[in-house]
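Read off the chains here:
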Amino acid sequence: KGFRWVLQRRPGEPAALAGLAFAEWRRNADNRTDETLRALRHAVDMLPEAANIRHAYVTVLSAAGEFDELAAQCQLLLQRDPADVGAFAQLANSRRYTEEDDTLRAMRKLADSGALTGERLSVACIGLAKAYDDLGQYEAAIKYAFAGRAASVRAYDMASERADLAEIQRLAKGDGLSGIATSGVASEAPIFIVGMPRSGTTLLETMLGRHPDVHAAGELHFVGQVENALLRWLREDRGYMGNRVAALRHVPAEIYRENANVILDHMAGHMAGRRFFTDKNPENAMRLGLISRLFPGARILYMRRHPLDSCISNLFVRFGRGMEYGSKVEWLGEHYRNLVGAMAGWREIAGLPVLDVSYENLVDDPEAGIRRVLDFLDLEFDEACLSPEQSDRIIRTASKFQARQPINKRSANRWKRYEPWLGPLVEALSGMEWIEREADEARAAG
């Protein structure tokens, strides 16, 4: 509203046009990226000193895969302000380092100087960790990864997550979800790709999105929004005091049906006649009970990766809201174990078809892996699925650079490079015996 108010009084004002375009892009990137880039380019040209506009421009360039232009814009930001940690992080995550350049050395010196604290130090350290991982300087890389975590620990309610898992396990030992209403909306359209962040979910979705019958919608938030709305309603109108899993039995069928149809109606406008759309929000792994009530015909793709590889990859990125567990190593390991436990419980009781997909198997033999997934979805094989790097879709997750590279095995067995420094993570994951058992099971299953 503020941008529109300015434009009513000063039509054509570049900062307001750019701000409005960026705000609308954040709500609906699929249909607005080109016009947003045009508005932001114009604003950057007209207001070259406005760092906030240039940062918005960089954000959209990153999602669109325009990495050369992104690098040029980040270098301009860093020339004006060598302590612009956001520009450095964007730069580090949109390229593969082959040598230690002046920009990298300057940011390392700044991070080591004590001049940065809190969130700014965390952002700088995570960017440095990525760069030194590229360079094969693994001791430096893991040092900065851990420092980035320690610099800015975010609040996370692990107690609630434990309670959710306990309720899932209680249901699995009892009557499951029997007797709990469903929407009755048996649409096959939604495909939910779940698993730990950085387990290969973006790779799998990008491969599927190359199929003519699949719309890759990215990380949607509809299920989480429905969950939050239902909990508010139950607590405010019904006095409900339990957790989100137990809440399922208190929701009438018509409420599930209404919400399911709202989601399907919204997505119909984006699918362009395609048969399926994907939602790869990783937090949905804890919500498969709700998903089964909304969409009893949905199919689930469970992406699995070696626990240490998955968790190390999480240490090298900064996530936004909802993934604060990644800010402490002990939380990260416990969340991985909780997710595994939740998936085991939902598999027994949710009544949804679940296909395990091993990241390692998928990159070892992409054609066999994607054929197996397409068979599960009743889709014919399409050669385009083997070229995810040719996708022109908007990617807003932390894997936006990796997802635009040809399929490769560079990240498989990554944990072995860091083995000397992984004691705290191994402990958080309940030790090597549990880790190896989970890794073997994931590879055998998928």
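Use the structure listed above.
1. Quick word on the packing of aromatic side chains
Counted under the stated rule, the structure contains nine aromatic pairs. Pairing Y132 with Y144 gives two aromatic rings, centres 6.2 Å apart and planes at 20°, and the pair type is stacked. Of this pair, Y132 sits in helix α8 (residues 118-134) while Y144 sits in helix α9 (residues 138-151); the two residues are twelve residues apart in sequence, bridging distant segments of the chain. Residues Y132 and Y144 agree in their burial class; the two are buried. The interplanar angle of 55° and the centroid separation of 5.6 Å between the aromatic rings of F316 and Y418 together place this pair among those described as tilted. Of this pair, F316 sits in the loop between α15 (307-315) and α16 (329-349) while Y418 sits in the loop between α18 (366-376) and α19 (423-428), placing them 102 residues apart in sequence. Grouping residues by exposure puts F316 and Y418 together as buried.

2. Quick look at empty space enclosed by the protein
In total, this model carries five cavities of 30 Å³ or more according to the counting rule given. The computed volume of the largest cavity comes to approximately 100 Å³. S122, G148, R149, S152, R154, V317, R318, F319, M323, E324, G326 and S327 together form the lining of the largest cavity. Across the lining of the largest cavity, the residue classes tally to three nonpolar, five polar and four charged. Within this model, the second largest cavity holds a volume of roughly 60 Å³. Considering the residues around the second largest cavity, the lining is formed by E227, L230, L231, L234, R244, A247, L248, V251 and L290. In terms of residue count, the dominant contributor to the lining of the second largest cavity is helix α12 (residues 222-238) (four residues).

Here is what the cut-offs are and how they apply
- As a convention, each chain's residues are numbered from 1 in the sequence order in which they are written.
- Given that the model is predicted, a residue must reach a pLDDT of at least 70 before its local features are reported, and side-chain atom pairs must reach 80 or more before they are shown or counted; all residues, however, enter totals for whole chains, interfaces and linings.
- As a rule here, side-chain values cover all heavy atoms of the structure and leave hydrogens and water aside.
- Aromatic rings from Phe, Tyr and Trp, with only the six-membered ring used for Trp, were paired whenever their centres fell within 6.5 Å, and each pair was classed as stacked if the ring planes differed by under 30 degrees, edge-to-face if by over 60, and tilted otherwise.
- The numbering of helices and of strands both runs from the N terminus, where a helix is a DSSP run of H or I of at least 4 residues and a strand a run of E of at least 2.
- A 1.4 Å probe rolled over the protein chains alone gives each residue an accessible area, and that area as a share of the maximum for its type sets the label: buried under 20%, exposed over 50%, partly exposed in between.
- Using a 1 Å grid laid over the protein atoms alone, points where a 1.4 Å probe fits but cannot get out form a cavity; open sets with protein on both sides within 12 Å along at least 5 of 7 lines form a pocket; any residue with an atom within 4 Å of a point counts as lining.
- Grid points are joined across faces, edges and corners, and a volume is the space filled by probe spheres set on the points.
- Each residue gets one label: Ala, Val, Leu, Ile, Met, Phe, Trp, Tyr, Cys and Pro are nonpolar, Asp, Glu, Lys and Arg are charged, and the others, such as Gly, are polar.

Keep in mind that these numbers describe shape and distance, not what the molecule does.
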